[in-house]
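# Geometric and topological summary
Spelled out from the first residue to the last, the chains are:
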Amino acid sequence: MLQVDKPSGVSGLIDTHCHLAHYHEAGTLSAILESAQQLGVSRMIAVGTSSADWSLYQGFAQQYRGQVFYSAGLHPCYVADDYPEELSRLEAFFQASDKPVALGEIGLDNYHLPEDPAAVPAMQAFQQEAFKFQLGLAKRYDCPIIIHSRHAFNECVAMIDQSGVDWNKVVFHCFAEGPEQVRILNERGGRASFTGILTYKKAEDVRQAFLAQPLELTMLETDAPYLAPVPHRGKENQPGWVSYIAEHAAQLLEMDVAAFKQKVSETSERFFEL
Ligand SMILES: [Zn+2]
Ligand SMILES: [Zn+2]
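So, how was this worked out
- In this numbering scheme, every chain counts its residues from 1 along its sequence in written order.
- Here the convention is simple: chains get letters from A, ligands get numbers from 1, in the order in which they are written.
- Only residues with pLDDT of at least 70 get local features here, since the model is predicted, and only at 80 or more are side-chain atom pairs given and counted; chain-wide, interface and lining totals rely on the full set of residues.
- A pair of strands is considered paired only if DSSP assigns at least 2 bridges between the two.
- The numbering of helices and of strands both runs from the N terminus, where a helix is a DSSP run of H or I of at least 4 residues and a strand a run of E of at least 2.
- The burial criterion counts other C-beta atoms lying within 10 Å of a residue's C-beta, which is placed from the backbone; the residue is buried at 20 or more, exposed at 12 or fewer, and partly exposed between these limits.
- Crossover handedness is defined by viewing with both strands directed away from the observer: a clockwise path from the first strand over the helix to the second marks the crossover as right-handed.
- Buried Ala, Val, Leu, Ile, Met, Phe, Trp, Tyr and Cys residues form a nonpolar core when they are connected through C-beta atoms within 7 Å.
- The contact rule is simple: place each C-beta atom from the backbone, and if two of them lie within 7 Å, those residues are in contact.

What follows deals with the sheet that holds strand S7 (residues 191-194). Taken together, 8 strands build an open sheet; the order of strands is S1-S2-S3-S4-S5-S6-S7-S8 and the sheet is parallel. Two strands in the sheet have a free side with no partner beyond their single neighbour: strand S1 (13-18) and strand S8 (219-220). Pairing between S1 and strand S2 (residues 41-47): 4 bridges, direction parallel. Considered in S2, the bridge of Cys 18 is made with Ala 46.

Okay, here's the thing in structure tokens:
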């Protein structure tokens, strides 16, 4: 197990959303975790997408206690016609002693849909049913909820409204919308978290969204292995690189980098009760 050293007065950055199964399969997980430590990223949340990774991440949370936390949820892109069976396996994780810190990622994805147009309505219905069920579970367990919304912002908001979950526990991860949408979340008590997209040249709308959100709500994530930030854009991403996102974000706010990192870490810690 890796040592979790906390330099005095600094708790270290938190990558609130990454997918560690990729590194596990590639045999690079311990190197990636070590590299994160060296970059001052002391904690991360391994975000579940289907029953194929929930147990794996629960195991990582045990093995790397205090450094890796995990969430469990059925990602909309992993919803298939066996989804009721998948969902039947989910609740046990929330009753275990090593519980997930959040339910997610869950939501709707209208971007990755079946190529056959005839199969689309059924898939959308499955996604909605799986999302609704999981919102119900999150309400019952009163836990943080990680939302994945792609080309489905208004539908996700409407379903969350209908579910009656506490919006204060809702984060839209990998926010790729603009300031108007961030306000829609914020006025309900919800929030957006930002990835390396924030550092991309063409992502002005996302930067405006970041600036529109009150700083005390803001959290950062890599969504690794995807979406590597500048100056590593195009490479395989890793949790440690949330530090680059933080540096860029602090610049946008014209804020001291250390103070900004401290602030977002505290926010993430509070939101996920780490
Ligand atoms: Zn996602
Ligand atoms: Zn993700």
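Moving on, we come to the pairing of strand S3 (residues 68-72). For S3, a buried count of 5 out of 5 residues is recorded, marking the element as mostly surrounded by other parts of the structure. On S3, burial covers both faces: Val 68, Tyr 70 and Ala 72 on one face and Phe 69 and Ser 71 on the other are all buried. Taken together, the 4 bridges between S2 and S3 define a ladder with parallel strand orientation. From the neighbouring strand, Met 44 faces S3, where its bridge partner is Val 68. With helix H3 (residues 51-63) bridging S2 and its parallel neighbour S3, the resulting β-α-β unit is right-handed. Relative to strand S4 (residues 102-109), S3 is paired through 2 bridges, and the arrangement is parallel. Residue Ala 72 lies in a different strand from S4, and its bridge partner there is Leu 103.

With that out of the way, let us pick up the nonpolar core. Counting residues in each nonpolar core, the largest one holds 76 residues, and the members touching the most others are Ala 46 and Tyr 70. What Tyr 70 contacts, discounting residues up to four positions off in sequence, is Ile 45, Ala 46, Gly 48, Tyr 57, Gln 58, Phe 60, Ala 61, Pro 100 and Val 101.

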